[in-house]
Amino acid sequence: MVSVTAGRRPFITPRAVILVLLTALVLYPLAWMLGSSFKAPEEILNNVSVLPDTWTPANYPDGWSHFDVAFGRFFLNSFMVATLTVVANCTSCLLAAYAFARLRFRMRGFWFAIMIGTLLLPSHVLIVPQFVMFRSFGWVGGPWPYLPLIVPHLLATDAFFVFLMVQFMRGIPRELDDAAKIDGCSAYSIFRYVVLPLSRPALVSTAIFSFIWTWNDFFRQLVYLSDLEKYTAPVALTLFIDSTGQSAVGPMFAMSVLSLAPVFLFFVAFQRLLVEGINTTGLKG
Amino acid sequence: MSVTTRPAQPRPQSGPAAHQRRGRPARHRDDGRAGYLFLSPWLLGLALVTAIPMLVSLYLSFTNYDILSEWSDIKWVGLANYRTMFTDDPAFWHAVKVTLVFALIATPLKLGAALGVALLLNKSFRGAGVFRGLFYLPSLLGGSVAVAMIWRSIFDRTGALNAFLGWFGIEGKAWVNDPSTALGTLILLAIWQFGAPMVIFLAGLKQVPTELYEAAEVDGAGAFRKFLSVTLPMLSPVIFFNLVLETIHGFQGFTSAFVLSGGTGGPVDSTLMYTLQLYLKGFGQFEMGYASAMAWVFLLTIGLVTAVLFRTGRFWVHYSDGDD
């Protein structure tokens, strides 16, 4: 023992005590939610303890089939919307970022300033006219009502990710482009053979953040999805608000836990990348 | 050495032979066509998803448009929506008040917590990275419907908080359903997500040159003095960045208010955030002209607040490279 810790500061410092207490406080709501999802309905709300008195997995099957449509359907819908958003964002934002970061063309500075301007534009401001427009296209309430959720991403409207990738590409040495140009590469081949392979880390960040944000997004999904069959997980979860009474509490906890699981898994797998991602760009989680 | 007489070089391994055109000047080429081709999805998005909707929104804000009426039924009402909003709509002013109170209380407390914990973590010790990750976790999860649902249960009359208070013989109340405390639970939920600004603070703290602290120590400065005279000024650009971001973020809180109030902004409009009221007007009562007017007031307010922040920032934000 002594030989291992010799020369180190004592392990139990006031700082460590404060940090441990703070961690417990911060993590308590999440731990309580997880533990409570295994409690019997009458025990859930008023048992402060994280661990159930009696363990029961019953809330999970109850929640899964609590509504007319199985919850699995909602998760599938969420997963589909999130995955398509990831693909759309990675493609469209990469193309735009390449133009901004690497190509020379007239009015580039002007367009770049506009792009930066849209960074801080709240989505709530445009929701009404966008809704009116998409509805006139027949996309709202149509056979596949996810178009309004996905098409904007295909058009690189997530300025955050364009900006993130521009910043990243500026770090790729220009000598590589020049060398490729000397060898006769066009702007397209430089993109394909130089910039695209080297942009992998920025693409990974974009993919992870796109997935998490879309998975958590509520506002736009609430506005555009009206058919129970087409609901995503967050919209479906709010149905529990209306179904009052103790019978709904357990299932609500169980489905809440399941809906957070993918984000949590991303956190475990990519923790460093996520933390560094917000460092370099100031992106919000 | 001119480009044309350049000795043959090995081609880039992955370079396509088809595009090899030798002898062409490499620099000062205008990529105009390629540039606009690569930019075209973004340009289309700018027009279709941002610019045109903005103009449509501005137009609608001067009309009585609701989603049920035909386009031909749209009537130009001039400034009527704006006039009603400012003089004849108590709910609007309520929403403004709730949003301001929320942003003014939650933002400084959240940033304070973020800075405090960042200072605690700004030492290299075993497990610092683990703590950083764990404190960041709520920022990833906290905006979700699921967490808001749980928050509601914790602060319910029969929720965990009251069960905890019961141990000390304190009888709690239905925090979520009491107009005087409902907004407080929303603010707590916002503060709980202090991890994201904390991570940004930590990165800023790492940038402060240690020589400055050493110099301050030579001058006999204590820990508090060092914080005031070295850490705060050196960190001020990061504080400013977080302040702008979190303030704008705070104005837009929707999900938690929607879930905790069951989509009503209640009890007694105490959690009626501006965005929630906008949603209720536009998609609950279908008064889309009115909602568009609200959206424009919102946009102008956020622009104004940001401008004011930048203006005041001149007096307290210290950029080290500009001063020397």
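Remember, predicted model here, so these are calculated numbers, not experimental data.

Student: Sorry if this is basic, but what is going on with the overall build of chain A here?
Tutor: A count of helices and strands for chain A gives 16 helices and zero strands. What you see for chain A is a C-alpha radius of gyration of 24 Å, clearly larger than the 19 Å of a compact globule of 285 residues, by over 25%. Principal-axis analysis of the C-alpha atoms gives chain A an extent of 70 × 70 × 30 Å. For chain A, the share of sequence-separated contacts (at least 6 apart) that also reach a separation of at least 24 residues comes to 74%.

Student: How should I be thinking about the overall build of chain B in this particular structure?
Tutor: Each helix and strand in chain B was counted, giving 14 helices and zero strands. Put simply, chain B runs from its N terminus to its C terminus through helices and strands in the order α-α-α-α-α-α-α-α-α-α-α-α-α-α. Evaluated residue by residue, chain B yields a buried proportion of 39% over its 324 residues. Long-range contacts, defined as pairs at least 24 residues apart, comprise 69% of the intrachain contacts of chain B with a sequence gap of at least 6.

Student: Explain the UniProt feature "transmembrane region" (unreviewed entry) in chain B to me, please; I cannot follow it from the model alone.
Tutor: Residues and elements named next belong to chain B. Here the UniProt feature "transmembrane region" (unreviewed entry) sits at residues 34-62, 100-121, 133-154, 182-205, 226-245 and 288-310. Secondary structure over residues 34-62 splits into 93% helix and 0% strand, and the C-alpha atoms at its two ends are 41 Å apart. As annotated, residues 100-121 has a helix share of 100% and a strand share of 0%, and its two end C-alpha atoms lie 31 Å apart.

Student: Is there a simple way to explain the UniProt feature "transmembrane region" (unreviewed entry) in chain A in this structure?
Tutor: Residues and elements named next belong to chain A. Per the UniProt record, "transmembrane region" (unreviewed entry) is found at residues 12-31, 74-98, 110-134, 146-169, 190-215 and 248-270. Taken end to end, residues 74-98 comprises 100% helix and 0% strand; its first and last C-alpha atoms sit 36 Å apart. Segment residues 248-270 splits into 100% helix and 0% strand. End C-alpha atoms: 34 Å apart.

Student: It is not clear to me how the UniProt feature "domain: ABC transmembrane type-1" (unreviewed entry) in chain B should be interpreted in this structure. Could you clarify?
Tutor: Mapped onto the present numbering, the UniProt feature "domain: ABC transmembrane type-1" (unreviewed entry) falls at residues 96-309 of chain B. Strand forms 0% of residues 96-309 of chain B and helix 74%; the C-alpha atoms that close the span are 19 Å apart.

Student: How should I be thinking about the nonpolar core in this particular structure?
Tutor: Where a protein is soluble and globular, its nonpolar side chains tend to be buried together. Core analysis: the largest hydrophobic core is formed by 155 residues, its most contacted members being Ala-96, Ala-97, Tyr-98, Val-162 and Met-165 of chain A. For this core, the leading source of residues is helix α5 (residues 71-102) of chain A, giving 16 residues. When near neighbours in sequence (up to four residues on either side) are disregarded, Tyr-98 of chain A contacts Leu-103, Met-169, Phe-191 and Val-195 of chain A together with Phe-38 of chain B.

Student: In this structure, what is going on with helix α11 (residues 187-198) of chain A? I would like to understand it.
Tutor: Working note: α-helix, 3.6 residues per turn, so residues spaced by three or four point in the same direction. When the terminal C-alpha atoms of α11 of chain A are compared, their 15 Å separation across 12 residues agrees well with the 16 Å that a helix rising 1.5 Å per residue should span. All buried positions along α11 of chain A are accounted for by Ala-187, Ser-189, Ile-190, Phe-191, Val-194 and Val-195 of chain A. Its buried side turned inward, α11 of chain A meets α5, α9 (159-170) and α10 (174-182) of chain A together with α1 (32-60) of chain B.

Student: Whenever I open this one, the interface of chain A and chain B confuses me. Can you help?
Tutor: The figure often quoted for interface size is the accessible area lost as the parts come together. Contact residues are listed per partner, giving 78 residues for chain A and 85 residues for chain B. The class makeup of the residues in the side of chain A that touches chain B is 51 nonpolar, 19 polar and eight charged.

Student: Teacher, can you tell me more about the packing of helix α10 (residues 223-251) of chain B against helix α13 (residues 288-316) of chain B here?
Tutor: A pair of packed helices can be characterised by two numbers: the angle between their axes and the separation between those axes. All names here are of chain B. Two numbers describe how α10 lies on α13: the axes approach to 11 Å, and their chain directions differ by 165°. Taken together, α10 and α13 sit at an angle that is classed as roughly antiparallel. Regarding α10 and α13, the two cross each other, and that crossing is right-handed. Residues Ser-236, Phe-240, Leu-243, Val-244, Thr-247, Ile-248 and Phe-251 of α10 pack against Ile-302, Val-305, Thr-306, Leu-309, Gly-313 and Trp-316 of α13. For the contact of α10 with α13, a count of residues per class yields nine nonpolar, four polar and no charged.

Student: Could you clarify how one ought to interpret the confidence of the model for chain A in this entry?
Tutor: Detailed conclusions should not be drawn from predicted coordinates in areas where pLDDT is low. Summary statistics for chain A give a mean pLDDT of 89 and a share of 91% for residues scoring 70 or more. Between residues 1-6 of chain A, whose pLDDT stays under 50, and residues either more than four places distant or in other chains, the model counts zero contacts.

Student: Is there a simple way to explain the environment of Val-50 of chain A in this structure?
Tutor: Residues and elements named next belong to chain A. Its location among the elements puts Val-50 in the loop between α3 (41-44) and α4 (59-64). Note: C-alpha distance between Val-50 and Phe-264 (214 residues apart in sequence) is 18 Å. Those residues within four positions of Val-50 in sequence are excluded, and the remaining contacts are Ala-31, Trp-32 and Gly-35.

Student: I'm lost on the confidence of the model for chain B in this one. Help?
Tutor: Summarising the model, chain B shows a mean pLDDT of 87, and 90% of its residues fall at 70 or more. Segment residues 1-28 of chain B is flagged for pLDDT under 50; beyond a separation of four residues in sequence, or across chains, it makes 29 contacts in the model.

Student: Honestly, the packing of α5 of chain A against helix α8 (residues 147-154) of chain A in this entry has me stumped. Any pointers?
Tutor: All names here are of chain A. With their axes 7 Å apart at the nearest point, α5 and α8 run at an angle of 20° to one another. Considering the angle they form, α5 stands roughly parallel to α8. Remark: the crossing between α5 and α8 carries right-handed chirality. Listed contacts from α8 to Val-81, Leu-84, Thr-85, Ala-88, Asn-89 and Ser-92 of α5 are Leu-149, Ile-150, His-153 and Leu-154. The residue makeup of the contact of α5 with α8, split by class, is six nonpolar, four polar and no charged.

Student: I keep staring at unusual backbone geometry and nothing clicks. Help me out?
Tutor: Most of the time, phi is negative for any residue but glycine, and the peptide bond is trans. The omega torsion across Gly-266 of chain B and Pro-267 of chain B is 0°, close enough to zero to call that bond cis. For Pro-267 of chain B, the position within the fold is in the loop between α11 (255-260) and α12 (274-284). Positive phi, close to 55°, is recorded for Ala-156 of chain A, a residue that is not glycine. Along the chain, Ala-156 of chain A turns up in the loop between α8 and α9. Despite not being glycine, Val-268 of chain B has its phi angle at roughly 45°, a positive value. Residue placement: Val-268 of chain B occurs in the loop between α11 and α12. Looking at Val-268 of chain B, the number of C-beta atoms within 10 Å reads 13, which means it is partly exposed.

Student: Where do I start with the environment of Leu-235 of chain B in this structure?
Tutor: Residues and elements named next belong to chain B. Along the chain, the position of Leu-235 falls in helix α10. A sequence separation of 33 residues divides Leu-235 from Leu-202, and the C-alpha atoms of the two residues are 9.8 Å apart. Discounting residues that sit within four places of it in the chain, Leu-235 has contacts with Gly-204, Leu-205 and Val-208.

Student: Even after reading the chapter, I still don't get the environment of Gly-250 of chain B, so can you show me in this structure?
Tutor: Residues and elements named next belong to chain B. Along the chain, the position of Gly-250 falls in helix α10. The class for Gly-250 is buried, based on 20 C-beta atoms found within 10 Å. Sequence-wise, Gly-250 and Thr-107 are 143 residues apart; in three dimensions their C-alpha atoms are separated by 6.8 Å. For Gly-250, the contacting residues outside a window of four places in its chain are Phe-102, Ala-103, Ala-106, Thr-107 and Ala-190.

Criteria and thresholds
- Residues numbered from 1 in each chain as written.
- Chains lettered and ligands numbered in written order.
- Predicted model: local features only at pLDDT ≥ 70, side-chain atom pairs only at ≥ 80, totals over all residues.
- Helix = DSSP H or I, 4+ residues; strand = E, 2+ residues; numbered from the N terminus.
- Rg over C-alpha atoms; globule rule 2.2 N^0.38 Å.
- Contact = placed C-beta atoms within 7 Å.
- Buried ≥ 20, exposed ≤ 12 C-beta atoms within 10 Å, placed from the backbone.
- UniProt positions renumbered as here; feature names shortened; annotations may be inferred.
- Core = buried A, V, L, I, M, F, W, Y, C linked by C-beta atoms within 7 Å.
- Expected span 1.5 Å × (residues − 1).
- Nonpolar A, V, L, I, M, F, W, Y, C, P; charged D, E, K, R; others polar.
- Axes fitted to C-alpha atoms, helices over the stretch in contact; angles between N-to-C directions.
- Parallel < 35°, antiparallel > 145°, perpendicular 65-115°, else oblique.
- Left-handed = near helix turned anticlockwise from the far one by under 90°.
- pLDDT = per-residue confidence, 0-100.

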